[in-house]
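# Coordinate analysis (summary)
So the chains spell out like this:
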Amino acid sequence: MNLNRISSVFFAGAFLLSGTALSVRAQNGYSRDTSQPVDQEYTKKIAEYTTEKFFNSPLTDYLPASPNVPTPQSVIGDVAGAPGKLPYAEDVYKYMRMLEKATPRVKVFSIGTTEEGREMIAVAVASEGLIAKLDENRARLAKLADPRTINMDDAEADRLVDQSFPIYYITGTIHSTETGAPTALMELAYRLAVDDSPYIKSIRDNMVTLITPVVEVDGRDRMVDLYKWHLAHPNENYPNLIYWGHYVAHDNNRDAMGLSLKLTRNVLNTYVGWKAQVLHDLHESVPYLYDNTVGDGPYNAWLDPILTDEWQMIGWKNVSEMTKFGMPGVFTHGTFDTWSPGYLMFIAATHNGISRLYETFGNGGADTLTRTVSADEYQRTWYKQNPPLPRTKWSQRNNNNYEETALLISLDYFNKNSKLFLKNFYLKSKRSIEKPKNEGPAAYVFPADDPRLGSQANLLRVLQGQACEIHRATAPFTVTMKKKAAPRTGGPRGGNNNAAATASPAKTPDTEQRTFPAGSYIVRMDQPYSRIADALLDYQYWSPRDPQQSVYDDTGWTFGELGNVQVVRVTDVKVLSASMERVNGDVHSPGGVSGTGSIFVVNANADNNLITLRYHLRRASFDSAEEPFEADGKKFNRGSFIIRNASTDEVNRATSELGIQAVAVATAPTIKTHPVKAARVAIMHTWLNTQDEGWWRLAFDQMGIPFDYISTQDVAKEADLNKKYDVIVFAPGGGNPNAVIQGRPMYGNPLPWKKTDLTPNLGGFASTDDMRPGLGWTGLMNLQNFVKNGGVYVGSDESADFAVSMGFTPGVSIQRATRLRAIGDVLRTRFIDSTSPIAYGYGDSLSVYCFNGPIFNISNVAGGGGGGRRGGGPGAARFTGRGSVDDPDIVQGRPPAELPEPQPSSEIWEAAPINEEQRRNLGGLIPPAQRPRVILRWGNASELLVSGLLDGGDEIAQHAAVIDSPWERGHVILFSLNPFWRGQTAGSYSLVFNTILNFDNLNASRKLDEK
Ligand SMILES: [Zn+2]
């Protein structure tokens, strides 16, 4: 900080406002302090960088001067939002810490680090008096946040509300290409600390504004690099931001359920730790300011209606005040549905606070550009009476004006109604605790006899991450449950619910008793954060006839289903008086070695940490049992590990740490086995898009599976991929088959993504001199040879389509959907071949994530297509003629002809049988050992939907969902589901992990067709 410069600005720039301007401002309740000088130089720059007068407001068209507090200019070198200026996170922090040094009204807190080790901060701004009383205030807010601590005493709550001041938490630039927030928040912090306007003084004196100026820190630094590259190469095309965070891009704002990313956990812990009332996230997409929290329906069904009213109050206040300032393009109703709780700001919604989100307008950098917007954006509608301009010059300063003006209006409104909002905060918390006796349920129970205790512990840890309390039953307990409806199994063609049709008409009691064993986990709903547990564990239903036809995001997420964990919703309040104890520390599944002997047996139960164990004990030899067996009086599933050449100590340490139970035996069971080697794995990405594959990478890292991260360009250069890898995983989302081959258009200049002095944050874990080239035909050949020579290729959704389209899977084709709408939901699948190693440890069915997955058809003829509905209804096989449906027609005047055997019927997920006539000289007939093996199929139409929106489900019902398609010596594993999605689908991870573990024995237990 240059104090001399600041004081000279202070003295030279000091002037008083004219009386006229003052009265206009006073009219809106935002009058300035006439005795406070203005930083004239800074103020002049604001006007210069604002492209139209009406793109600013009286709240932000000036900057107050301070003799001792530095302005953002001291770090940025220009004013906030200046063209060409995009500070790194480090510079933003430097400024915030300069503020902290200069004034007791600012305090900076470190709130954790990112995946790549960069710091995240939260900056508190309030009067020195409030800053000094933060802890004391937090203790009061903690009581309002957990009304059990004051015995739900409303009078005591009122006293606490009177004494407390609220916390309004603002977060910026989670989306790295949305670049305006950091400078807007630097300037906002300055204003809140310095400005003596009565309304700002009141905000400062009566509430704490908490600011995380950069949420996605890794991505921000990469974005600034890229922008610098663009400035240094003004006439060239510049690379797009292919990586934001270490794992995912835009989806970093879809992690508030699964909590897989550090940024989500850091913000959640800050929000919950501070007992904040609001979490307000800043974005940029539409012109010019969309307060999208009000959005549109359907609203999330687990929220307290008090909250949705609060959204309306604050949102419409924003619109109303900015309308009075004459700022165009401010609206709050819009296309964003408020169904999914996956957004960062929703942390507040699901934790008794107020979630808020602004979409402002940005240029993806700090260039001032002429922007043309689409007709549906500039046309006037009932909720946009002063719409955006069809075409205008737009600057980052405009963006900062809008963000700051709207935030100041919100802070002012929140401050003026702070007692109401604090009381609401208490009420929402209290109503969360009262859930069991009102809407219910009373609790969710995780039974102790769940076959997958590792997955169970994993899900419970997610809930703990959400700040939920977990209890464990110390004795068995019994509750009354609604009797389960008869299972909707349906007929083989779907649709027939025979069970219901043949049910006895005699009235049976509709309730039953259910006893849970000691050790079962209980998530009580009489706790302050019951709402998030309920939202995650419950089922979702989105009607295909919902007025909202443009769905914003996923429609279903039921965590027990997607985690392959038993979760029982209990409404009987008796569950709350079961004998139980609070779990302290992370839930951990039981592990370690029991029994004696030098051979260790571990049950296959599709827990994800089994693969971790394999890589942990790299030097030990592992075998997989191809049949179920018993050892030491215990039952073991097909696929169970038999471990040799490891010490008891070693195995005990690894299994204890991972929560896996191992049984030591003196002699191995006599059973057919195959070796389980530690496969050499690569995850391949394109240079087109890496968002969705990031979730795969993240899960592999979490489970400690070593892999090489390679690009399609690397594959193009490597003729012998088998030398390096056993399994190549090509996760979805990298582009359509043609784009994967072609890459980006080769016009213009190369697009580098690598570490240089100019771009120190690019490259690292993935780099290239030019992002444009794709896999190319050589790369395709290398990849095909890899499979033919014994490699395993894993593809899902788009990358499954790639393998099918490029001829990797002679017996598989894809049928294009015409009616199917499976919009990010949870669907049921059934195992067809449980003897395949890919199915090891699973039960009969599995719920998985589906987004209009490809509809696979299977054929025994190469390129054969086929599939679809076969057989049809009664009589479908005969033509018009004499007799009944089952009779043959008879030609008049000759003896009846002998009819050939009818075509054997086949299931939707099977290949149609080939008859003798078709078989004659059929060169394309696939040899039995090379035919696709279907492991998993989609459920029948009647049972397919588990959670979310499903329309036209019969189009995909019963089709193959996971296929092991052999190709010469290798295998292509195809998924029409996405097994790794946003850290929410842990139950399907093991389909891929089993593939990796058994990569060289995928044909185990395979039954071949006779011909
Ligand atoms: Zn965004």
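Residues numbered from 1 in each chain as written. Predicted model: local features only at pLDDT ≥ 70, side-chain atom pairs only at ≥ 80, totals over all residues. Heavy atoms only, no water.

## Notes on the overall build of the chain
Our working rule: Think of it this way: any DSSP run of H or I at least four residues long counts as a helix, any run of E at least two long counts as a strand, and we number them from the N terminus. Based on C-alpha atoms, the radius of gyration is set beside the globule rule, defined as 2.2 Å times the residue count to the power 0.38. Between buried and exposed lies partly exposed: a residue is buried under 20% and exposed over 50% of the maximum accessible area for its type, with that area taken using a 1.4 Å probe on protein chains only. Surface exposure here means Shrake-Rupley accessible area, sampled with a 1.4 Å probe, where a residue is shielded only by the protein chains that are shown. The charge count includes Lys and Arg as positive and Asp and Glu as negative, but it does not include His or the ends of the chains. Throughout, a charge is located at the NZ atom of Lys, the CZ atom of Arg, the CG atom of Asp or the CD atom of Glu.
Each helix and strand counted, the chain has 30 helices and 39 strands in total. The globule rule puts the C-alpha radius of gyration for 1011 residues at 30 Å, and the 31 Å found for the chain is close to it. By its C-alpha atoms, the chain is 110 × 70 × 70 Å across when sized along the principal axes. The buried share among the 1011 residues of the chain stands at 61%. On the chain, roughly 38,200 Å² of surface is accessible, and the fraction owed to carbon and sulfur atoms is 50%. In the chain, 102 positive and 111 negative side-chain charges are present, and the distance between their average locations comes to 1 Å.

## A closer look at the environment of K1007
With respect to the helices and strands, K1007 occurs in the segment after α30 (986-997). Given a relative accessible area of 71%, K1007 falls into the exposed group. Expressed as a C-alpha distance, the spacing of K1007 and S836, which sit 171 residues apart in the sequence, is 10.0 Å.

## Some remarks on the packing of helix α22 (residues 609-616) against helix α23 (residues 648-658)
Basically, it comes down to this: Convention adopted: a line fitted to C-alpha atoms gives each axis, helices being fitted over their contacting stretch, and angles between N-to-C directions are expressed from 0 to 180 degrees. Angles below 35 degrees are treated as roughly parallel, those above 145 as roughly antiparallel, those between 65 and 115 as roughly perpendicular, and all remaining angles as oblique. Rotating anticlockwise by less than a right angle from the far helix to the near helix defines a left-handed crossing, while the corresponding clockwise rotation defines a right-handed one. Throughout, a contact is declared for two residues whenever any of their heavy atoms are within 4.5 Å.
With their axes 10 Å apart at the nearest point, α22 and α23 run at an angle of 150 degrees to one another. Taken together, the axes of α22 and α23 lie roughly antiparallel to each other. Pair α22 / α23 crosses with right-handed handedness. Note on element contacts: α23 touches α22 through A654, T655, E657 and L658, opposite N609, T612, L613 and H616.

## Here we look at the packing of aromatic side chains
Quick note on the threshold: Any two of the Phe, Tyr and Trp rings considered here, Trp counted by its six-membered ring, make a pair once their centres fall within 6.5 Å; the pair's planes then place it as stacked at under 30 degrees, edge-to-face at over 60, or tilted in between. Only lysine NZ and arginine CZ atoms are considered, and such an atom sits over a ring when it is within 6 Å of the ring centre and within 35 degrees of the ring normal.
Inspection of every chain in the model, using the stated rule, returns 50 aromatic pairs. Relative to F707, the ring of F700 lies with its centre 6.0 Å away and its plane at 90 degrees, an arrangement referred to as edge-to-face. Note on Y709 and F765: the rings are 6.3 Å apart at their centroids and 35 degrees apart in plane angle, and the pair reads as tilted. Residue Y709 is located in strand β27 (residues 707-711), and its partner F765 is located in the loop between α26 (737-742) and α27 (776-788); the two are separated by 56 residues in the primary sequence. Taking the relative accessible area as the measure of exposure, Y709 reaches 16% and is therefore buried. Taking relative accessible area as the criterion, F765 reaches 24% and is therefore assigned partly exposed. Each residue in the set F54, F55, Y288, F361, W394 and Y402 is aromatic and connected to the rest through ring pairs, giving one cluster. If you follow R138 out to its NZ or CZ, it ends over the ring of W274, 5.0 Å from the centre.

## Thoughts on the coordination of the zinc ion
The condition is simple: Distances up to 2.8 Å from the metal define which N, O and S atoms are donors, and 3.2 Å serves for Na, K and Ca; water is absent from the atom set, so sites may look incomplete.
Donor atoms from the polypeptide that coordinate the zinc ion comprise H175 (ND1), E178 (OE), E178 (OE) and H283 (ND1), at 2.1 to 2.5 Å from the metal. The motif formed by the donor residues of the zinc ion, counted along the single chain, is H-x2-E-x104-H. A residue pair is termed long-range when its members are at least 10 positions apart, and E178 in the loop between β3 (167-171) and α9 (181-194) and H283 in strand β5 (residues 278-284) qualify at 105 residues. Judged by relative accessible area, E178 falls into the buried class, the value being 10%. Taking relative accessible area as the criterion, H283 reaches 2% and is therefore assigned buried.

## Focus: the nonpolar core
Under the convention used in this document: The set of buried Ala, Val, Leu, Ile, Met, Phe, Trp, Tyr and Cys residues whose side-chain atoms join them within 4.5 Å is what this entry labels a nonpolar core.
Counting 153 residues, the largest nonpolar core has M96, L144, Y402, F446, L463 and V523 as the members making the most contacts within it. Ranked by residue count, the leading element in this core is α9, at nine residues. Setting aside residues no more than four positions away along its own chain, F446 makes contact with Q456, L459, L460, L463, S520, Y521, V523, L537, V565, Q566 and V567. One finds L241, F600, L846 and I935 within the second-largest nonpolar core, a separate group that totals 82 residues.

## Here we look at the sheet that holds strand β16 (residues 568-570)
Heads up, the rule is: One bridge is not enough; two strands pair if DSSP finds at least two bridges between them.
Within the open sheet, the five strands sit side by side as β16-β11-β15-β12-β17. Their pairing is antiparallel. If you trace the sheet from one side to the other, it starts and ends with β16 and β17 (580-582), each paired once. Across the sheet, the mean angle separating the axes of adjacent strands is 30 degrees when strand polarity is ignored.

## Focus: the environment of Y444
Formally: Each polar contact in these results corresponds to two N or O atoms within 3.5 Å; when the atoms are within protein, one needs to be able to donate a hydrogen and the other to accept it, and residues that are neighboring in sequence are counted only if both atoms are side-chain atoms.
Residue position: Y444 is located in strand β11 (residues 443-446). Taking relative accessible area as the criterion, Y444 reaches 1% and is therefore assigned buried. Separated by 80 residues in the primary sequence, Y444 and R524 place their C-alpha atoms 6.7 Å from one another. Those residues within four positions of Y444 in sequence are excluded, and the remaining contacts are Y521, I522, V523, M525, A533, D534, L537, D538, V567, V568 and R569. A distance of 2.6 Å separates a polar atom in the side chain of Y444 from a polar atom in the side chain of D534.

## A short note on the packing of helix α7 (residues 134-145) against helix α8 (residues 154-163)
Note the following rule: Note on residue categories: nonpolar means Ala, Val, Leu, Ile, Met, Phe, Trp, Tyr, Cys or Pro, charged means Asp, Glu, Lys or Arg, and polar means any other residue, Gly included.
Contact geometry for α7 and α8: axes closest at 10 Å, N-to-C directions at 145 degrees. The hand of the α7/α8 crossing is left-handed. Residues N137, R140, K143 and L144 of α7 form the contact with α8, whose participating residues are A157, L160, V161 and Q163. Class assignment for the residues of the contact of α7 with α8 results in four nonpolar, two polar and two charged.

## Topic: the pattern of salt bridges
We apply this condition: A carboxyl oxygen of Asp or Glu within 4 Å of a side-chain nitrogen of Lys or Arg is what we treat as a salt bridge.
What the rule picks out here adds up to 53 salt bridges. We note a salt bridge from R148 to D146, for which the minimum N-O separation is 2.8 Å. With a relative accessible area of 29%, R148 lands in the partly exposed category. The exposure class of D146 is buried, given its relative accessible area of 17%. Linked by salt bridges that have partners in common, E116, R118, D218, D221 and R222 make up one network.

## Observations regarding the environment of Q40
By secondary structure assignment, the location of Q40 is in helix α3 (residues 40-49). Its relative accessible area of 37% is what places Q40 among the partly exposed residues. As a C-alpha pair, Q40 and P64 span 24 residues in sequence and 8.5 Å in three-dimensional space.

## What to know about the pairing of strand β19 (residues 599-602)
Of the two faces of β19, the one holding I599 and V601 and the one holding F600 and V602 are both buried throughout. In the sheet, β19 pairs with strand β24 (residues 661-665) via four bridges, with the strands oriented antiparallel. Counted as the bridge partner of V602 is A662 from β24. Where β19 and strand β23 (residues 641-644) come together, three bridges link them in antiparallel fashion. Residue pairing in the sheet places V601 in a bridge with I642 of β23.

## A word on the sheet that holds β23
The sheet built from six strands is open, its strands ordered β18-β24-β19-β23-β20-β25 with mixed pairing. The two strands at the open ends of the sheet, each matched to only one other strand, are β18 (592-595) and β25 (673-676). Mean inter-strand twist for the sheet, computed between neighbouring axes without regard to direction, equals 30 degrees. As judged from the four bridges shared by strand β20 (residues 621-625) and β23, these two strands associate in the antiparallel manner. When the bridges of β23 are listed, S624 appears paired with F641. Packing of α22 onto the sheet brings it into contact with β19, β20, β23 and β25, and relative to β23 it is tilted by some 20 degrees.

## Considerations on the side chain of S66
The residue S66 is located in the loop between α3 and α4 (73-76) in this model. Polar side-chain contacts of S66 include one of 3.0 Å to the side chain of N68.

## Quick word on the pairing of strand β15 (residues 521-524)
Taking every second residue as pointing to the same face, both faces of β15 are buried, with Y521 and V523 on one and I522 and R524 on the other. Taken together, the four bridges between β11 and β15 define a ladder with antiparallel strand orientation. Within β15, the position partnered with A443 by the bridge is R524. With two bridges joining them, strand β12 (residues 471-473) and β15 adopt antiparallel strand pairing. By the bridge assignment, R472 is partnered in β15 with Y521.

## Here's the deal with the side chain of R1006
Position of R1006 among the secondary structure elements: in the segment after α30. Only 2.8 Å separates the side chain of R1006 from the backbone oxygen of R931, close enough to count as a polar contact.

## What to know about helix α12 (residues 262-274)
In plain terms, the rule: One less than the number of residues in a helix, times 1.5 Å, gives the span that helix is expected to have.
Its 13 residues give α12 an end-to-end C-alpha distance of 18 Å, which sits within 8% of 18 Å, the value for a rise of 1.5 Å per residue. Looking at α12, one finds that the buried residues are L263, T264, N266, V267, L268, T270, Y271, V272 and W274. Just past α12, the residue K275 takes up positive phi, approximately 55 degrees.

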